[in-house]
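Overview (structure and organization)
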Amino acid sequence: MLVKNALDYGKEESEIRKLFEYGKKRKAEIGAENVFDFSIGNPSVPAPKSVDESIKKLVDNMDSVALHGYTSAAGDLEVRAKIADFVNEKYNAGISAENIYLTCGAAAGIAIVLNAIVNPGEECIVFTPYFPEYKVFLEKTGGKLVEVKSDDNLQIDLDAFEAAITEKTRAVIINSPNNPSGVVYPAEKIQGLSDILNKKQEEYGHPIYIVTDEPYRPLVYDDIEVPYVTNYYDNTFVTYSFSKALSLPGDRIGYIIVSPKMKDSADAFAAIAGSGRMLGYVCAPSVFQRVVADNVDVTSDISIYKKNRDLLYNALTEMGYECVHPDGAFYLFVKTKGDSREFCEKAKKYELLLVPADSFGTPGYMRVSYCVDTAMIEKALPAFEKLINEE
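Overview of the structure. Once a new chain begins, its residue numbering starts again from 1 and follows that chain's sequence as written. Two thresholds apply to this predicted model, a pLDDT of at least 70 for residue-level local features and 80 or more for giving and counting side-chain atom pairs, whereas whole-chain, interface and lining totals are computed over all residues. For side-chain calculations, the full set of non-hydrogen atoms in the structure is used, while hydrogens and water are omitted.

Examined against the element boundaries, Ile117 turns out to sit in helix H6 (residues 105-117). C-alpha of Ile117 to C-alpha of Pro207: the two residues are 90 residues apart in sequence and 9.8 Å apart in space. Contacts were defined at the residue level, with two residues in contact if any of their heavy atoms lie within 4.5 Å. Sequence-distant contacts of Ile117, that is, excluding residues within four places in its chain, are made with Glu122, Arg170, Ala171, Tyr209, Val211 and Phe237. Put simply, DSSP marks the helices as runs of H or I at least four residues long and the strands as runs of E at least two long, and each gets a number from the N terminus on.

Given a rise of 1.5 Å per residue, 15 residues ought to cover 21 Å, and the 21 Å separating the end C-alpha atoms of helix H5 (residues 77-91) matches this to within 8%. Categorising residues by exposure relies on relative accessible area from a 1.4 Å probe, with only protein chains included: less than 20% of the type maximum marks a residue as buried, more than 50% marks it as exposed, and the intermediate range marks it as partly exposed. Residues Val79, Arg80, Ile83, Ala84, Val87 and Tyr91 constitute the buried set of H5. End-on view of H5: buried residues confined to an arc of 135°, all on one side of the axis. Turned more than 90 degrees away from the buried face of H5 sit Glu78, Asp85 and Glu89, all of them exposed. Buried residues in H5 make contact with strand S2 (100-103), strand S8 (254-258), helix H10 (265-278) and helix H11 (286-294). Between the side-chain oxygen at the start of H5 and the backbone nitrogen of Glu78 there is a gap of 3.0 Å, and the oxygen is on Asp76. Multiplying 1.5 Å by the residue count of a helix minus one yields the expected span of that helix. Here the arc refers to the directions that run from the helix axis out to each C-beta atom. Whenever two N or O atoms come within 3.5 Å, that pair is a polar contact, provided that in protein one can donate a hydrogen and the other can accept it, and provided that, for residues adjacent in sequence, both atoms are side-chain atoms.

Right, let's talk about the pairing of strand S10 (residues 331-335) for a bit. For a regular strand, side chains alternate in direction, first toward one face of the sheet and then toward the other. In terms of burial, S10 is largely enclosed, as 4 of its 5 residues are buried. What sits between strand S9 (residues 323-324) and S10 in their antiparallel hairpin is a turn of 6 residues, with Ala329 showing a positive phi close to 60°. Whether two strands pair comes down to DSSP finding at least two bridges between them.

Our focus in this paragraph is the packing of aromatic side chains. Paired rings are identified among Phe, Tyr and Trp, the last through its six-membered ring, by centres lying within 6.5 Å, and are further divided according to the angle between planes into stacked (under 30 degrees), edge-to-face (over 60) and tilted (the rest). Applying the stated rule across the entire model yields 16 aromatic pairs. Consider the rings of Tyr91 and Tyr228, whose centres lie 4.3 Å apart with planes at 10°: the pair is stacked. Taken as a pair, Tyr91 in helix H5 and Tyr228 in the loop between strand S6 (209-213) and strand S7 (236-241) lie far apart in primary sequence, 137 residues in all. Across the pair, exposure class does not vary: Tyr91 and Tyr228 are buried alike. The structure contains a cluster of three or more aromatic residues connected by ring pairs, namely Tyr216, Tyr305, Phe330 and Tyr331. We count a charge as sitting over a ring when the NZ of a lysine or the CZ of an arginine lies within 6 Å of the ring centre and within 35 degrees of the ring normal. A cation over a ring is seen here: Arg217 above Tyr91, with NZ or CZ 4.8 Å from the ring centre. Over the ring of Tyr22 we find Lys348; its NZ or CZ atom is 4.3 Å from the centre of that ring.

This part covers the pairing of strand S4 (residues 144-148). Bridge analysis of strand S3 (residues 123-127) against S4 gives 5 bridges, and the strand direction is parallel. From the neighbouring strand, Cys124 faces S4, where its bridge partner is Leu145. A clockwise course of the path from the first strand over the helix to the second, judged with the strands pointing away from the viewer, identifies a crossover as right-handed. Of the crossover connections in this fold, the one passing from S3 over helix H7 (residues 133-139) to the parallel S4 is right-handed.

Attention now goes to the layout of surface pockets. The calculated volume of the largest pocket comes to roughly 1100 Å³. If you trace the largest pocket, you find 38 residues lining it, with Ser14, Ile16, Arg17, Phe131 and Glu133 closest to the centre. At the level of secondary structure, the elements contributing two or more residues to the lining of the largest pocket comprise helix H1 (4-11), helix H2 (15-30), H6 and H7. Here the element with the most residues in the lining of the largest pocket is H2; it accounts for 5 residues. For the lining of the largest pocket, the class distribution of residues is 16 nonpolar, 8 polar and 14 charged. Put simply, the grid is 1 Å and covers the protein atoms alone, a cavity is a trapped set of points that fit a 1.4 Å probe, a pocket is an open set with protein on both sides within 12 Å along at least five of seven lines, and lining residues have an atom within 4 Å of a point. Grid points are joined across faces, edges and corners, and a volume is the space filled by probe spheres set on the points. For the second largest pocket, the calculated volume is near 390 Å³. Taken together, 21 residues make up the lining of the second largest pocket; nearest its centre are Phe86, Lys90, Tyr91, Arg217 and Pro218. When residue character is reported, Ala, Val, Leu, Ile, Met, Phe, Trp, Tyr, Cys and Pro are called nonpolar, Asp, Glu, Lys and Arg charged, and the others, Gly included, polar.

Keep in mind that these numbers describe shape and distance, not what the molecule does.
Here it is as C-alpha coordinates:
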(Lines give C-alpha, C1' and ligand atoms only; values in the text may rest on other atoms or scores of the structure.)
Protein backbone atom coordinates (compact mmCIF):
# COMPACT_ATOMS: atom_id res chain seq x y z
CA MET A 1 0.00 0.00 0.00
CA LEU A 2 1.43 3.37 -1.03
CA VAL A 3 1.29 6.41 1.25
CA LYS A 4 -1.81 8.27 0.10
CA ASN A 5 -0.49 11.81 0.62
CA ALA A 6 2.69 11.01 -1.29
CA LEU A 7 0.69 9.49 -4.12
CA ASP A 8 -1.69 12.46 -4.26
CA TYR A 9 1.11 15.03 -4.32
CA GLY A 10 2.99 13.02 -6.93
CA LYS A 11 -0.01 12.84 -9.24
CA GLU A 12 -1.12 16.44 -8.74
CA GLU A 13 1.69 18.94 -9.39
CA SER A 14 1.61 22.44 -7.96
CA GLU A 15 -0.20 25.06 -10.07
CA ILE A 16 3.17 26.67 -10.80
CA ARG A 17 4.89 23.50 -11.95
CA LYS A 18 1.87 22.38 -13.95
CA LEU A 19 1.84 25.66 -15.85
CA PHE A 20 5.62 25.55 -16.30
CA GLU A 21 5.36 22.10 -17.91
CA TYR A 22 2.47 23.29 -20.10
CA GLY A 23 4.69 26.18 -21.21
CA LYS A 24 7.53 23.83 -22.21
CA LYS A 25 5.12 21.81 -24.32
CA ARG A 26 3.61 24.92 -25.89
CA LYS A 27 7.03 26.37 -26.75
CA ALA A 28 7.94 23.16 -28.55
CA GLU A 29 4.74 23.46 -30.58
CA ILE A 30 4.79 27.13 -31.64
CA GLY A 31 8.25 28.41 -30.71
CA ALA A 32 9.50 29.85 -27.42
CA GLU A 33 9.36 33.40 -28.84
CA ASN A 34 5.59 33.10 -29.18
CA VAL A 35 4.86 32.03 -25.60
CA PHE A 36 4.73 34.62 -22.79
CA ASP A 37 5.74 32.46 -19.85
CA PHE A 38 5.35 34.28 -16.52
CA SER A 39 4.84 31.07 -14.54
CA ILE A 40 7.94 30.22 -12.53
CA GLY A 41 10.45 32.11 -10.39
CA ASN A 42 13.49 30.98 -12.38
CA PRO A 43 16.06 33.82 -12.36
CA SER A 44 16.68 35.21 -15.84
CA VAL A 45 19.75 37.20 -14.75
CA PRO A 46 22.92 35.11 -15.10
CA ALA A 47 24.97 34.17 -12.07
CA PRO A 48 27.77 36.66 -11.34
CA LYS A 49 31.03 35.92 -13.14
CA SER A 50 32.68 35.36 -9.76
CA VAL A 51 30.55 32.22 -9.36
CA ASP A 52 31.96 30.66 -12.54
CA GLU A 53 35.44 31.77 -11.52
CA SER A 54 35.03 30.06 -8.15
CA ILE A 55 33.95 26.82 -9.81
CA LYS A 56 36.95 26.90 -12.16
CA LYS A 57 39.32 27.70 -9.30
CA LEU A 58 38.01 24.81 -7.22
CA VAL A 59 38.22 22.33 -10.09
CA ASP A 60 41.73 23.46 -11.08
CA ASN A 61 43.26 23.79 -7.62
CA MET A 62 41.50 21.44 -5.20
CA ASP A 63 42.00 17.71 -4.89
CA SER A 64 39.12 16.08 -6.76
CA VAL A 65 38.36 13.53 -4.04
CA ALA A 66 38.15 16.24 -1.39
CA LEU A 67 36.16 18.58 -3.64
CA HIS A 68 33.47 16.03 -4.42
CA GLY A 69 33.54 14.13 -1.15
CA TYR A 70 31.29 14.33 1.88
CA THR A 71 31.51 17.26 4.23
CA SER A 72 30.25 17.21 7.80
CA ALA A 73 26.50 16.62 7.87
CA ALA A 74 25.90 20.23 8.92
CA GLY A 75 28.28 21.49 6.23
CA ASP A 76 31.95 22.39 6.00
CA LEU A 77 32.96 24.32 9.12
CA GLU A 78 35.03 26.89 7.21
CA VAL A 79 32.09 27.59 4.88
CA ARG A 80 29.75 28.02 7.83
CA ALA A 81 32.25 30.37 9.48
CA LYS A 82 32.41 32.57 6.35
CA ILE A 83 28.61 32.78 6.24
CA ALA A 84 28.47 33.62 9.94
CA ASP A 85 31.06 36.39 9.52
CA PHE A 86 29.05 37.91 6.66
CA VAL A 87 25.72 37.74 8.49
CA ASN A 88 27.25 39.27 11.62
CA GLU A 89 28.87 42.11 9.68
CA LYS A 90 25.68 42.90 7.77
CA TYR A 91 23.02 42.31 10.43
CA ASN A 92 24.89 42.25 13.77
CA ALA A 93 23.28 38.87 14.44
CA GLY A 94 25.84 37.50 16.90
CA ILE A 95 25.94 34.01 15.39
CA SER A 96 28.76 31.51 14.95
CA ALA A 97 29.50 28.66 12.57
CA GLU A 98 27.96 26.29 15.13
CA ASN A 99 24.55 27.99 14.60
CA ILE A 100 24.49 27.23 10.85
CA TYR A 101 23.29 24.07 9.10
CA LEU A 102 23.82 23.98 5.32
CA THR A 103 20.92 22.68 3.22
CA CYS A 104 19.77 21.90 -0.32
CA GLY A 105 18.11 25.30 -0.65
CA ALA A 106 15.41 26.99 1.42
CA ALA A 107 12.78 24.33 0.66
CA ALA A 108 14.88 21.65 2.34
CA GLY A 109 15.62 24.11 5.14
CA ILE A 110 11.96 24.77 5.88
CA ALA A 111 11.11 21.06 5.70
CA ILE A 112 13.93 20.28 8.13
CA VAL A 113 12.88 22.99 10.59
CA LEU A 114 9.19 22.08 10.54
CA ASN A 115 9.98 18.41 11.09
CA ALA A 116 12.20 19.40 14.03
CA ILE A 117 9.64 21.60 15.84
CA VAL A 118 6.08 20.61 14.88
CA ASN A 119 4.43 17.53 16.43
CA PRO A 120 1.28 15.86 15.07
CA GLY A 121 -1.78 17.97 15.81
CA GLU A 122 0.19 21.18 16.42
CA GLU A 123 -0.38 24.31 14.36
CA CYS A 124 1.74 26.47 12.08
CA ILE A 125 0.50 29.96 11.14
CA VAL A 126 1.06 31.47 7.69
CA PHE A 127 0.00 34.86 6.32
CA THR A 128 -1.89 35.11 3.04
CA PRO A 129 -0.70 35.10 0.36
CA TYR A 130 1.85 32.37 1.06
CA PHE A 131 4.01 29.91 -0.88
CA PRO A 132 1.75 26.86 -1.29
CA GLU A 133 4.52 24.31 -0.69
CA TYR A 134 4.45 25.23 3.02
CA LYS A 135 1.38 23.03 3.28
CA VAL A 136 3.23 20.16 1.61
CA PHE A 137 6.24 20.52 3.94
CA LEU A 138 3.96 20.60 6.98
CA GLU A 139 2.00 17.53 5.89
CA LYS A 140 4.93 15.25 6.82
CA THR A 141 4.87 16.49 10.42
CA GLY A 142 1.19 15.78 10.99
CA GLY A 143 0.73 19.44 11.83
CA LYS A 144 -2.06 21.77 10.78
CA LEU A 145 -1.64 24.86 8.58
CA VAL A 146 -3.52 27.92 9.88
CA GLU A 147 -4.06 30.77 7.42
CA VAL A 148 -4.22 34.35 8.74
CA LYS A 149 -5.63 36.80 6.23
CA SER A 150 -3.43 39.83 5.63
CA ASP A 151 -4.80 43.37 5.50
CA ASP A 152 -5.78 45.20 2.32
CA ASN A 153 -2.13 46.11 1.67
CA LEU A 154 -1.10 42.46 2.18
CA GLN A 155 0.70 43.39 5.37
CA ILE A 156 0.42 41.38 8.60
CA ASP A 157 -2.85 42.03 10.42
CA LEU A 158 -1.61 41.89 14.01
CA ASP A 159 -5.10 41.66 15.54
CA ALA A 160 -6.04 38.75 13.27
CA PHE A 161 -2.70 37.12 14.04
CA GLU A 162 -3.16 37.33 17.79
CA ALA A 163 -6.69 35.93 17.52
CA ALA A 164 -5.38 32.93 15.55
CA ILE A 165 -2.82 31.82 18.15
CA THR A 166 -3.87 28.88 20.32
CA GLU A 167 -2.18 26.60 22.80
CA LYS A 168 -1.43 24.32 19.84
CA THR A 169 0.50 27.01 17.94
CA ARG A 170 4.09 25.87 17.52
CA ALA A 171 5.40 27.96 14.61
CA VAL A 172 4.83 31.00 12.42
CA ILE A 173 6.31 31.26 8.92
CA ILE A 174 7.36 34.69 7.66
CA ASN A 175 8.27 35.21 4.00
CA SER A 176 9.60 38.71 3.31
CA PRO A 177 10.07 39.84 0.57
CA ASN A 178 6.99 37.80 -0.11
CA ASN A 179 6.33 35.21 -2.78
CA PRO A 180 3.89 35.88 -4.49
CA SER A 181 3.25 39.56 -3.67
CA GLY A 182 6.70 41.16 -3.40
CA VAL A 183 5.57 42.85 -0.17
CA VAL A 184 8.21 43.54 2.51
CA TYR A 185 7.21 43.47 6.19
CA PRO A 186 8.57 46.60 7.91
CA ALA A 187 10.24 46.71 11.32
CA GLU A 188 7.08 47.81 13.15
CA LYS A 189 5.22 44.71 11.94
CA ILE A 190 8.06 42.39 12.99
CA GLN A 191 8.23 44.10 16.38
CA GLY A 192 4.47 43.81 16.83
CA LEU A 193 4.58 40.15 15.87
CA SER A 194 7.39 39.55 18.36
CA ASP A 195 5.58 41.31 21.20
CA ILE A 196 2.49 39.18 20.66
CA LEU A 197 4.49 35.95 20.51
CA ASN A 198 6.46 36.78 23.67
CA LYS A 199 3.17 37.33 25.49
CA LYS A 200 1.66 34.10 24.16
CA GLN A 201 4.77 32.06 25.00
CA GLU A 202 4.49 33.19 28.58
CA GLU A 203 0.75 32.50 28.65
CA TYR A 204 1.07 28.95 27.27
CA GLY A 205 4.39 28.04 28.86
CA HIS A 206 6.09 26.74 25.73
CA PRO A 207 8.12 28.24 22.89
CA ILE A 208 6.48 29.42 19.69
CA TYR A 209 9.01 29.66 16.86
CA ILE A 210 9.30 32.04 13.96
CA VAL A 211 10.59 30.41 10.78
CA THR A 212 11.77 32.99 8.25
CA ASP A 213 11.84 32.03 4.58
CA GLU A 214 14.39 34.40 3.02
CA PRO A 215 15.50 33.50 -0.51
CA TYR A 216 14.45 36.97 -1.72
CA ARG A 217 16.13 38.98 1.06
CA PRO A 218 18.73 40.64 -1.24
CA LEU A 219 16.15 41.33 -3.97
CA VAL A 220 14.75 44.65 -2.75
CA TYR A 221 14.38 47.94 -4.58
CA ASP A 222 14.26 51.67 -3.79
CA ASP A 223 16.42 51.38 -0.64
CA ILE A 224 13.80 49.28 1.18
CA GLU A 225 15.20 47.51 4.26
CA VAL A 226 14.24 43.99 5.32
CA PRO A 227 14.40 43.60 9.14
CA TYR A 228 16.60 40.74 10.39
CA VAL A 229 14.17 38.80 12.55
CA THR A 230 16.68 37.30 15.02
CA ASN A 231 17.30 40.88 16.21
CA TYR A 232 13.63 41.14 17.21
CA TYR A 233 12.65 37.68 18.40
CA ASP A 234 14.84 35.12 20.14
CA ASN A 235 13.07 31.89 19.10
CA THR A 236 13.80 32.33 15.40
CA PHE A 237 15.03 29.95 12.71
CA VAL A 238 16.32 31.62 9.54
CA THR A 239 16.09 29.64 6.31
CA TYR A 240 18.00 31.09 3.37
CA SER A 241 18.79 30.09 -0.20
CA PHE A 242 21.34 31.40 -2.68
CA SER A 243 18.99 30.42 -5.52
CA LYS A 244 17.69 33.91 -6.23
CA ALA A 245 20.55 36.14 -5.03
CA LEU A 246 23.18 34.26 -7.04
CA SER A 247 20.86 32.85 -9.75
CA LEU A 248 21.59 29.25 -8.69
CA PRO A 249 18.12 27.67 -8.36
CA GLY A 250 19.16 24.33 -9.84
CA ASP A 251 22.24 23.98 -7.65
CA ARG A 252 20.23 23.69 -4.41
CA ILE A 253 22.30 25.42 -1.76
CA GLY A 254 21.19 27.35 1.31
CA TYR A 255 21.29 27.25 5.10
CA ILE A 256 19.42 27.29 8.38
CA ILE A 257 20.46 29.60 11.20
CA VAL A 258 19.43 28.63 14.73
CA SER A 259 19.45 31.86 16.72
CA PRO A 260 21.95 31.61 19.59
CA LYS A 261 19.45 33.59 21.68
CA MET A 262 16.85 30.84 21.30
CA LYS A 263 15.79 28.96 24.42
CA ASP A 264 17.81 25.72 24.55
CA SER A 265 19.63 26.73 21.39
CA ALA A 266 22.06 23.80 21.46
CA ASP A 267 19.20 21.30 21.69
CA ALA A 268 17.37 23.14 18.91
CA PHE A 269 20.41 22.78 16.65
CA ALA A 270 20.64 19.10 17.56
CA ALA A 271 16.96 18.72 16.58
CA ILE A 272 17.71 20.36 13.23
CA ALA A 273 20.59 17.92 12.66
CA GLY A 274 18.37 15.01 13.69
CA SER A 275 15.55 16.14 11.42
CA GLY A 276 17.95 16.41 8.49
CA ARG A 277 19.14 12.91 9.27
CA MET A 278 15.61 11.50 9.43
CA LEU A 279 14.72 13.14 6.11
CA GLY A 280 17.79 11.65 4.44
CA TYR A 281 19.97 14.75 4.09
CA VAL A 282 23.63 13.79 4.55
CA CYS A 283 25.20 17.09 3.53
CA ALA A 284 24.49 19.89 1.09
CA PRO A 285 26.29 19.73 -2.31
CA SER A 286 29.97 20.00 -1.44
CA VAL A 287 31.12 21.95 -4.50
CA PHE A 288 28.49 24.63 -4.06
CA GLN A 289 29.12 24.91 -0.35
CA ARG A 290 32.56 26.22 -1.31
CA VAL A 291 31.26 28.30 -4.21
CA VAL A 292 28.84 30.26 -2.02
CA ALA A 293 31.52 30.73 0.62
CA ASP A 294 33.55 32.60 -2.02
CA ASN A 295 30.49 34.65 -3.02
CA VAL A 296 28.62 35.18 0.22
CA ASP A 297 28.66 38.97 -0.23
CA VAL A 298 27.80 38.94 -3.98
CA THR A 299 24.40 39.45 -5.62
CA SER A 300 23.31 39.11 -9.23
CA ASP A 301 22.45 42.27 -11.17
CA ILE A 302 18.98 42.96 -9.76
CA SER A 303 18.69 46.28 -11.61
CA ILE A 304 17.22 44.24 -14.46
CA TYR A 305 14.43 43.00 -12.20
CA LYS A 306 13.71 46.56 -11.07
CA LYS A 307 13.49 47.65 -14.70
CA ASN A 308 11.10 44.77 -15.42
CA ARG A 309 9.02 45.55 -12.35
CA ASP A 310 8.59 49.19 -13.28
CA LEU A 311 7.79 48.38 -16.90
CA LEU A 312 5.20 45.73 -16.09
CA TYR A 313 3.63 47.48 -13.10
CA ASN A 314 3.22 50.80 -14.91
CA ALA A 315 1.90 49.21 -18.11
CA LEU A 316 -0.63 46.95 -16.38
CA THR A 317 -1.96 49.64 -14.06
CA GLU A 318 -2.43 51.96 -17.05
CA MET A 319 -4.44 49.20 -18.75
CA GLY A 320 -6.73 48.99 -15.72
CA TYR A 321 -5.26 46.07 -13.82
CA GLU A 322 -5.14 46.49 -10.04
CA CYS A 323 -1.65 45.50 -8.89
CA VAL A 324 0.10 45.31 -5.51
CA HIS A 325 3.29 47.38 -5.75
CA PRO A 326 6.20 45.00 -5.04
CA ASP A 327 9.13 46.30 -2.98
CA GLY A 328 11.10 43.11 -3.46
CA ALA A 329 11.33 39.64 -5.04
CA PHE A 330 10.37 39.40 -8.73
CA TYR A 331 6.63 38.85 -8.78
CA LEU A 332 3.67 41.09 -9.54
CA PHE A 333 0.45 40.23 -7.71
CA VAL A 334 -2.55 41.26 -9.76
CA LYS A 335 -6.32 41.18 -9.21
CA THR A 336 -8.20 39.16 -11.80
CA LYS A 337 -11.57 39.85 -13.39
CA GLY A 338 -13.77 37.21 -11.80
CA ASP A 339 -12.57 33.74 -10.89
CA SER A 340 -8.77 33.66 -10.98
CA ARG A 341 -8.46 30.13 -12.36
CA GLU A 342 -10.90 30.90 -15.16
CA PHE A 343 -9.13 34.19 -15.89
CA CYS A 344 -5.70 32.52 -16.10
CA GLU A 345 -7.12 29.74 -18.26
CA LYS A 346 -8.56 32.37 -20.60
CA ALA A 347 -5.12 34.01 -20.75
CA LYS A 348 -3.76 30.94 -22.52
CA LYS A 349 -5.68 32.02 -25.63
CA TYR A 350 -3.19 34.88 -25.87
CA GLU A 351 -0.26 32.57 -24.96
CA LEU A 352 0.00 34.27 -21.54
CA LEU A 353 1.01 31.84 -18.79
CA LEU A 354 -0.14 33.35 -15.47
CA VAL A 355 -0.47 31.58 -12.12
CA PRO A 356 -3.86 31.79 -10.35
CA ALA A 357 -3.38 32.61 -6.66
CA ASP A 358 -6.01 30.30 -5.18
CA SER A 359 -3.32 27.90 -3.93
CA PHE A 360 -1.51 30.89 -2.38
CA GLY A 361 -4.54 31.36 -0.13
CA THR A 362 -5.75 34.44 -2.04
CA PRO A 363 -8.43 33.71 -4.66
CA GLY A 364 -9.15 36.53 -7.10
CA TYR A 365 -5.47 37.27 -7.78
CA MET A 366 -2.77 35.98 -10.11
CA ARG A 367 1.01 35.91 -9.83
CA VAL A 368 3.09 37.25 -12.72
CA SER A 369 6.77 36.34 -12.52
CA TYR A 370 8.85 39.12 -14.10
CA CYS A 371 12.26 37.43 -13.83
CA VAL A 372 12.16 37.13 -17.63
CA ASP A 373 13.75 38.89 -20.59
CA THR A 374 12.60 42.51 -20.78
CA ALA A 375 11.89 42.04 -24.48
CA MET A 376 9.37 39.33 -23.65
CA ILE A 377 7.49 41.68 -21.32
CA GLU A 378 7.38 44.34 -24.05
CA LYS A 379 6.12 41.82 -26.59
CA ALA A 380 3.50 40.47 -24.15
CA LEU A 381 1.89 43.82 -23.28
CA PRO A 382 -0.63 43.77 -26.18
CA ALA A 383 -1.75 40.31 -25.03
CA PHE A 384 -2.32 41.62 -21.49
CA GLU A 385 -4.41 44.46 -22.95
CA LYS A 386 -6.51 42.09 -25.02
CA LEU A 387 -7.07 39.90 -21.98
CA ILE A 388 -8.36 42.65 -19.69
CA ASN A 389 -10.57 44.14 -22.42
CA GLU A 390 -12.17 40.82 -23.32
CA GLU A 391 -15.85 40.74 -22.40
